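# Fold and contact review
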Amino acid sequence: IEDIDVYIDSLAPNSLVVATEWASATKYKLVIPQNSIKDTLNNRLVKTDTLTIITKPNKAYGSCVVRISGLDLNTKPVLLLTQDDKIKFSFPVTQNLLNIPQLPAGEFQLKILEDNNSNGKWDTGKYAIGSQSKQPEKIYLLPNKLTIRADWDNELNITIK
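A brief look at the structure comes next. (Residues numbered from 1 in each chain as written. Predicted model: local features only at pLDDT ≥ 70, side-chain atom pairs only at ≥ 80, totals over all residues. Heavy atoms only, no water.)

## Some points on the overall build of the protein
- Looking only at helices and strands, the protein features zero helices and 11 strands.
- Ordering the α and β elements of the protein from the N terminus gives β-β-β-β-β-β-β-β-β-β-β.
- A compact globule built from 161 residues should have a C-alpha radius of gyration of about 15 Å, whereas the protein, at 19 Å, is more than 25% larger.
- Its C-alpha atoms give the protein principal-axis dimensions of roughly 55 × 50 × 30 Å.
- Taking all 161 residues of the protein together, 24% fall into the buried category.
- Looking at the protein alone, contacts between residues at least 24 apart form 57% of all its contacts between residues at least 6 apart. (Helix = DSSP H or I, 4+ residues; strand = E, 2+ residues; numbered from the N terminus. Rg over C-alpha atoms; globule rule 2.2 N^0.38 Å. Buried < 20%, exposed > 50% of the residue type's maximum accessible area, 1.4 Å probe, protein only. Contact = heavy atoms within 4.5 Å.)

Printed below as a string of structure tokens:
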């Protein structure tokens, strides 16, 4: 496979992401060379390892169109989709219509992050005496839940007050 991007997931620092245009319903073998990774104690793999991956078919996912009204786009909002208080997906909102082509089936709680520094993640802020203190970025829990059904075109209208 060509054009592979490998990086550490910013939302889950213990996860490695292998990003590419995966073909649906296809079997892959991921070969991990012996000296390619190590843990915090400098332990490496004993031998080269192979993982077998089978991608889901396209019909296992649903698409979604989210219409958001009343949102101040100057706050650099990010739509967060969470499950069990863990961020599963995040989407910067640059206009009132957001088209999400592939989401796994399930129910997601929605939150809006005001991403002041445009880094795509929540920043905790900094407590200090004087002018050095910085407030954490705001996150708003939305009353809406997003239910994605596999092989459906889903829609959701959100009104921010």
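After that view of the structure, there is still more to cover.
## Structural notes on the pairing of strand β5 (residues 61–69)
- Relative to strand β8 (residues 97–104), β5 is paired through six bridges, and the arrangement is antiparallel. Residue pairing across strands places Val-65 opposite Asn-99, the latter belonging to β8. (Pairing = 2+ DSSP bridges.)

## Overview of the packing of aromatic side chains
- Using the criterion set out here, one finds three aromatic pairs in the structure.
- When the centroid spacing of 6.4 Å and the interplanar angle of 15° are considered together, the rings of Phe-89 and Phe-91 count as stacked.
- Judged by its relative accessible area of 26%, Phe-89 falls in the partly exposed class.
- For the pair Phe-89 and Phe-108, a centre-to-centre distance of 5.9 Å together with 70° between the ring planes defines the contact as edge-to-face. Of the two residues, Phe-89 is situated in strand β7 (residues 86–92) and Phe-108 in strand β9 (residues 106–114); the sequence distance between them amounts to 19 residues.
- A network of ring pairs unites the aromatic residues Phe-89, Phe-91 and Phe-108 as a single cluster.
- When the ring centre of Trp-152 is taken as origin, the NZ or CZ atom of Arg-149, which lies over that ring, is 5.1 Å away. (Phe/Tyr/Trp six-rings, centres within 6.5 Å; stacked < 30°, edge-to-face > 60°. Lys NZ or Arg CZ within 6 Å of the ring centre and 35° of its normal.)

## Details of the sheet that holds strand β10 (residues 139–148)
- The sheet built from four strands is open, its strands ordered β7-β6-β9-β10 with antiparallel pairing. Of all strands in the sheet, those with a lone pairing partner are β7 and β10, marking the two edges. Strand-to-strand twist of the sheet, defined as the mean angle between neighbouring strand axes without regard to direction, takes the value 30°.
- Alignment of β9 against β10, held across seven bridges, turns out to be antiparallel. Across the sheet, Gln-109 pairs through a bridge with Lys-145, a residue of β10. (Axes fitted to C-alpha atoms, helices over the stretch in contact; angles between N-to-C directions.)

## Structural notes on the nonpolar core
- The biggest cluster of nonpolar side chains holds 19 residues, and the ones touching the most others in it are Val-66, Leu-79, Leu-81, Leu-103, Leu-110, Leu-146 and Ile-158.
- Put simply, the parts of the chain that give this core at least two residues each are β5, β6 (77–83), β8, β9, β10 and β11 (153–159).
- In this structure, Leu-103 is in contact with Tyr-61, Gly-62, Cys-64, Leu-81, Phe-89, Phe-91, Leu-146 and Ile-148, ignoring residues within four places of it in sequence. (Core = buried A, V, L, I, M, F, W, Y, C linked by side-chain atoms within 4.5 Å.)

## Thoughts on the sheet that holds β5
- The sheet built from three strands is open, its strands ordered β8-β5-β11 with mixed pairing. Every interior strand has two partners, whereas the edge strands, β8 and β11, have only one. Along the sheet, successive strands turn relative to each other by an average axial angle of 25°, direction set aside.
- Sheet topology note: the β5/β11 ladder contains seven bridges and is parallel. Pairing of Val-65 across the sheet is with Glu-155, part of β11.

In short, shape yes, function no, at least from these values alone.
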